[in-house]
Amino acid sequence: MLLKFTKMHGLGNDFVVVDAVSRKVYFNKAQIERLGDRNRGIGFDQLLIVEPPSNPDMDFRYRIYNCDGSEVEHCGNGARCFAKFVLDRELTHKRVIDVETKRGQIQLKVQDDGQVCVDMGEPSFVPEDLPFVAPGLADLYPIDVAGETYELTPVSVGNPHAVIRVDDLNDDIVEGVGPIVEGHERFPNNVNVGFLQVLSADEVNLRVYERGVGETQACGTGACAAVVAGIKQGWLAEEVLVHLPGGDLRIAWQGPGHSIQMTGPAEKVFEGQIYL
Ligand SMILES: N[C@H](CCC[C@H](N)C(=O)O)C(=O)O
């Protein structure tokens, strides 16, 4: 089968995006892993498949797969690229787009400057919602990693995140601690691990070791999780500029009962085709 695709990225978090509206497409896990392989395939952090909605009140459905083939609930950078994709391909002319994902419904607003604002839904700090195995509710949860104890804030943004505040955002902690927490037995579905360095109440540095991928240049849901964790812990204000290795995202959250708002860019790199 000849597969047409568009290669895109959000701050260096890169995607292959496929139009399954015009023509139904199905991939098995092995095909996703091969397509995602940076040496033997196209290479991506996530595969995004754009489909017709199952709910007639929505405009689209989109499915998200990590490069290891696992299907996931939410992808912030991917949502922005999704919005650019459906407008570029004239699958819609709307600039406010309602989308079904595995985690539920999200709304995308394409701004005149090309930036996309995404209503990312409301976060949850309840361990069971990730899931995260914990003896009870707490503000911070200690976890042992290779003899060291780290304190994490568990956050569900539809997908699971563990946010760890650090003073020094170095490779040792991201590459040494990230993989162990990502696959830790207390996270039965694994977890995205965010390392948060607070610069001020409205500015942070963040690196994310993503579930099913490894460290990415940016993680939209990770930026949302880090900011709401920081607000919950009293470290951050309601609107925060998040510096990721691939660039900046602006995240806003007014607290419980409100959705998280994420604003950032989406870029198209090239269009291609490949025989599956
Ligand atoms: N690795 C994530 C999915 C992609 C999230 C990230 N690329 C984003 O922009 O939110 C997970 O397994 O939940």
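Residues numbered from 1 in each chain as written. Predicted model: local features only at pLDDT ≥ 70, side-chain atom pairs only at ≥ 80, totals over all residues. Heavy atoms only, no water.

### Brief notes about the packing of aromatic side chains
- Applying the stated criterion to the full structure yields six aromatic pairs.
- Between phenylalanine 132 and tyrosine 141 the ring centres are 5.4 Å apart and the planes differ by 85°, which places this aromatic pair in the edge-to-face class. For the residue pair phenylalanine 132 and tyrosine 141, the accessibility class agrees, reading buried in each case.
- Among the aromatic residues, those joined into a ring-pair cluster are Phe60, Tyr62 and Phe82.
- Above the ring of tryptophan 235, the side-chain terminus of arginine 165 is found at 4.8 Å from the ring centroid. (Phe/Tyr/Trp six-rings, centres within 6.5 Å; stacked < 30°, edge-to-face > 60°. Buried < 20%, exposed > 50% of the residue type's maximum accessible area, 1.4 Å probe, protein only. Lys NZ or Arg CZ within 6 Å of the ring centre and 35° of its normal.)

### Some details on the site of the ligand
- Contacts to the ligand come from 15 residues, most closely from Asn13, Glu210, Arg211, Gly220 and Thr221.
- The separation between an oxygen atom of the ligand and a polar side-chain atom of arginine 211 is 2.8 Å.
- Interatomic distance of 2.6 Å between a side-chain N/O atom of threonine 221 and an oxygen atom of the ligand.
- Here the ligand, which alone exposes 370 Å², has 100% of that area covered by the protein.
- At the level of secondary structure, the elements contributing two or more residues to the shell around the ligand comprise α2 (76–88) and α4 (220–232).
- Per-class residue counts for the shell around the ligand are three nonpolar, ten polar and two charged.
- Three or more residues apiece are contributed to the shell around the ligand by two domains, here domain 1 (2–121 + 265–275) and domain 2 (127–258). (Near = heavy atom within 4 Å. Polar contact = N/O pair within 3.5 Å; in protein donor to acceptor, adjacent residues only side chain to side chain. Areas by Shrake-Rupley, 256 points an atom, 1.4 Å probe, with all protein chains shown as cover. Helix = DSSP H or I, 4+ residues; strand = E, 2+ residues; numbered from the N terminus. Nonpolar A, V, L, I, M, F, W, Y, C, P; charged D, E, K, R; others polar. Domains from an automatic or database assignment.)

### A few points about the domain arrangement of the protein chain
- What the domain assignment reports for the protein chain is domain 1 (2–121 + 265–275) and domain 2 (127–258).
- Computed over C-alpha atoms only, the centres of domain 1 and domain 2 are separated by 24 Å.
- In this assembly, domain 1 packs against domain 2 so that about 1,400 Å² is buried in total across both faces, 53% of it on carbon and sulfur atoms.
- Interface area lost by domain 1 to domain 2 is led by Leu11, Glu73 and Met120, which between them contribute 35%.
- For the pair domain 1 and domain 2, the number of links is one salt bridge.
- Here domain 1 is connected to domain 2 by six residue pairs in polar contact (both at pLDDT 80 or more).
- Element by element, the count of residues in the side of domain 1 that touches domain 2 is highest for α2, at three residues. (Buried area = accessible area lost by both parts, 1.4 Å probe. Salt bridge = Lys/Arg side-chain N within 4 Å of Asp/Glu carboxyl O.)

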